[in-house]
Amino acid sequence: MKMKKKIESKSVEKRKQRDMRKEYTVTFYQKNRKLFFITIVAVISCGIMDVGVAYLLQVLLDVANSSNTKGLVNILVVSLAFFCSMFVFQI
């Protein structure tokens, strides 16, 4: 008799857990699709920005090693604008 009650209580608990899991899964996936999409776009754009920073640093070092002062000023302005826009985007 006691064994039967234990088995029944375990099956009831499992059923409750399964129902709760389904409810939470539905809530997570259906109500967070917009946030998930925004997160994916942000991660991809941050990766692209990191590559852009590496490229700008390479160009900046190349121009700094040459004796071209005008080119250095131009790349510094572009770098500053890029870094400011990156800072605004990542906030």
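Every chain begins its residue count from 1, and numbering advances along the sequence as written. Owing to the predicted nature of the model, reporting of local features is limited to residues with pLDDT of at least 70; listing and counting of side-chain atom pairs is limited to 80 or more, with chain, interface and lining totals taken over all residues. Side-chain metrics rest on all non-hydrogen atoms present in the structure, leaving aside hydrogens and water.

1. What about the nonpolar core?
Right, so step 1: Take the buried residues of types Ala, Val, Leu, Ile, Met, Phe, Trp, Tyr and Cys, join any two whose side-chain atoms come within 4.5 Å, and each joined set is a nonpolar core. Working definition: with a 1.4 Å probe on protein chains only, accessible area under 20% of the residue-type maximum means buried, over 50% means exposed, and in between means partly exposed. In this structure, Leu56, Val59, Leu60, Val63 and Ile75 together form the largest nonpolar core, which totals five residues.
Right, so step 2: Residue contacts are counted whenever heavy atoms from the two residues lie within 4.5 Å of one another. Excluding anything up to four places from it in sequence, Val63 contacts Asn68, Gly71, Leu72 and Ile75.

2. Observations concerning helix 2 (residues 33–65)
Owing to its 3.6 residues per turn, the α-helix brings residues three or four apart onto one side.
Right, so step 1: Strands are runs of DSSP state E lasting at least 2 residues, helices are runs of H or I lasting at least 4, and numbering of each runs from the N terminus. An expected span of 1.5 Å times one less than the residue number is assigned to each helix. Over its 33 residues, helix 2 extends 48 Å from the first C-alpha to the last, a length consistent with the 48 Å expected when each residue adds 1.5 Å.
Right, so step 2: Along helix 2, the residues that are buried comprise Ser45, Met49, Gly52, Val53, Leu56, Val59, Leu60 and Val63.

3. Remarks on a nonpolar patch on the surface
Right, so step 1: For patch building, the residue pool is restricted to those with more than 30% relative accessible area and no salt bridge; the joining distance is 9 Å between like charges and 5 Å between nonpolar side chains (Val, Leu, Ile, Met, Phe, Trp, Tyr). In short, Shrake-Rupley with a 1.4 Å probe defines the accessible areas, and a residue's cover is counted only from the protein chains shown. Here a salt bridge means any side-chain nitrogen of Lys or Arg lying within 4 Å of a carboxyl oxygen belonging to Asp or Glu. A grouping of Phe36, Ile40, Ile44 and Ile48 is seen on the molecular surface, where their side chains present a nonpolar patch of about 420 Å² in accessible area.
Right, so step 2: Turning to its location among the elements, Ile40 is positioned in helix 2.

4. A word on a positive patch on the surface
Right, so step 1: Positive charge collects at one region of the surface, where Lys14, Arg15, Arg18, Arg21 and Lys22 lie side by side.
Right, so step 2: Its location among the elements puts Lys14 in helix 1 (residues 2–31). Within this scheme the basic residues Lys and Arg register as positive and the acidic residues Asp and Glu register as negative, but His and the chain ends are omitted. Where a charge lies is defined by one atom per residue type, namely NZ (Lys), CZ (Arg), CG (Asp) and CD (Glu).

5. Examining the environment of Ala42
Right, so step 1: Looking at the secondary structure, you find Ala42 in helix 2.
Right, so step 2: In sequence terms Ala42 and Phe89 are 47 residues apart; their C-alpha atoms lie 8.9 Å from each other.

6. With respect to the confidence of the model for the protein chain
Right, so step 1: In the predicted model, the protein chain carries a mean pLDDT of 79, and 86% of its residues have values of at least 70.
Right, so step 2: At the level of individual helices and strands, the protein chain shows its lowest average pLDDT in helix 1, which scores 73, and its highest in helix 2, which scores 85. For every residue, the predictor assigns a confidence score, pLDDT, that lies between 0 and 100.

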